[in-house]
Amino acid sequence: MGAQKLATIAVHAADYGSIAPAIPTVPPLHVATAFTFEDYADLDKVFDDPREGYAYARFGNPTVRSLEAMMAALEGAEASIAYPSGMAAVDGVFALYGTPGSHVLISRDVYGATLSLMRQQYAQIGVTLHTVDATDLDDVRAQAEAYKPTLIHAEVISNPLMKVSDIAALAEIAHANGAALSVDNTFGTPILTQPLAHGADVVLHSTTKFIGGHGDVLGGVVSGSLDVITKMRDRARTNGSVPGPFDAWLTVRGIHTLHLRMKAHSANALAVAKWLQADDRIDAVHYPGLEPEHLASQFLSDDRGGLLSFEIRGATLESCGRYLEAVSLLKPATTLGDVSSVTLHPARSSHRGFTVAERADWGIRDNLVRISVGIEDVDDIIADLDQAISAAIV
Ligand code: PLP
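Computed from a predicted model, the values in this text were never measured in an experiment. (Residues numbered from 1 in each chain as written. Predicted model: local features only at pLDDT ≥ 70, side-chain atom pairs only at ≥ 80, totals over all residues. Heavy atoms only, no water.)

Novice: Which parts of the structure should I look at to understand a nonpolar patch on the surface?
Specialist: A contiguous nonpolar patch, built from L29, V31 and F246 and spanning about 280 Å² of accessible area, is present on the exposed surface. With respect to the element layout, V31 can be found in the loop between α1 (6-12) and α2 (40-48). (Patch = residues over 30% accessible without salt bridge, like charges linked within 9 Å, V, L, I, M, F, W, Y side chains within 5 Å. Areas by Shrake-Rupley, 256 points an atom, 1.4 Å probe, with all protein chains shown as cover. Salt bridge = Lys/Arg side-chain N within 4 Å of Asp/Glu carboxyl O. Helix = DSSP H or I, 4+ residues; strand = E, 2+ residues; numbered from the N terminus.)

This is the structure we're talking about:
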């Protein structure tokens, strides 16, 4: 071939090759949507089994796979699959177990969209949802025996009252009744607990939260046996529910400091919880690190996470609005797990779709506010809370 023309050089002259013998000190970001081969037989092999390599990014991408390998190692799982959001991860689990005609039991204080997904989308294909109080094991057992569900789904730490689930007991009830147990470990992260080791069949995360940790990337991951994850992957590769490589890369970068951040979140949250407990403007503080609570010490590490909620004495629906307007370091936002502290008012955000009676029945009072405690200096967090709580007192 003669010398290439400029248009060809512009398209092909970049260096596509490896940088061997140099090895990068951080995981590389692979953005290619397709991968080619010198030897066609190799490509053929990959089409038969995606674990053999890479052909097309919807089937597998090296950066996404490095996130999946990290999460499997952290959760002590055979395999993991990454999704573009936490809800896509929840959907991956529901699609596997929510078959037409099946029944599922879901803890009633899980993330609202998790319940809505089952109630709205899966009802259309004939899946019947039953909600349970996952901390009331008699209720869980009675409903499991009555409905023989394919799936029981709960969160490690409930929202917004921060009750810890008895994962081992839930697994025992699930398995005795032919169900799988899936556990959303978004609030805990594998640093606080590894639900598979306590008998759960699958564990999932919104990696948007503590795992990513910096409030700049959406994502989700499910971990479990190779068999279960392979089934989810078969579906994801055809319905296209795959994360982009840059999102996976940001998440990997977040994971490098997850253990340090969880320590800092937990230490700050414990200090804030103790300060609130000693304050006579506060009626109640909900944090799994306050008392040597039996379930918390059984299922969580000594660090108890960054989430807590508290009830402001005499505050109303309206005056809690003043608390949200008064905070300045803390940001009023419907997220959690970021390095910065954020706060919300469950009665008007996560639980606004429920009636006052339903909320009262579940112990979610109008004066309850939630904080995801960040890793700022705790004195500054407390100073901001101090003045914002005063604004809510009527
Ligand atoms: N699970 C829990 C416990 C959550 O708090 C959230 C979101 O807040 C989700 C799942 C959904 O995650 P995402 O927003 O990444 O879709």
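After that view, the rundown keeps rolling.
Novice: How should I be thinking about the sheet that holds strand β8 (residues 282-286) in this particular structure?
Specialist: Strand pairing in a sheet relies on backbone hydrogen bonds. The paired strands run either parallel or antiparallel. The 5 strands are arranged β8-β9-β12-β11-β10 in an open sheet whose pairing can be described as mixed. The open sheet has two edge strands with one neighbour each: β8 and β10 (331-332). As paired elements, strand β11 (residues 342-344) and strand β12 (residues 368-372) share 3 bridges and run antiparallel to each other. The residue of β12 that forms the bridge with T343 is I371. Where helix α11 (residues 258-277) meets the sheet, it contacts β8, β9 (307-312) and β12, and its direction lies at approximately 15 degrees from that of β9. (Pairing = 2+ DSSP bridges. Contact = heavy atoms within 4.5 Å. Axes fitted to C-alpha atoms, helices over the stretch in contact; angles between N-to-C directions.)

Novice: Whenever I open this one, unusual backbone geometry confuses me. Can you help?
Specialist: For residues other than glycine, phi is negative in most cases, and the peptide bonds are mostly trans. The residue after A20, namely P21, is reached through a cis peptide bond having omega 5 degrees. Structurally, the position occupied by P21 is in the loop between α1 and α2. Looking along the chain, the bond that leaves N159 and enters P160 is cis, with omega of 5 degrees. Its place among the elements puts P160 in the loop between β4 (151-155) and α7 (167-176). One non-glycine residue, M162, adopts positive backbone phi at about 60 degrees. Of note, M162 is situated in the loop between β4 and α7. Look at T189: it is not a glycine, yet its phi comes out positive at around 65 degrees. Secondary-structure assignment places T189 in helix α8 (residues 189-192). Residue class for T189 comes out buried when judged on its relative accessible area of 0%. (Buried < 20%, exposed > 50% of the residue type's maximum accessible area, 1.4 Å probe, protein only.)

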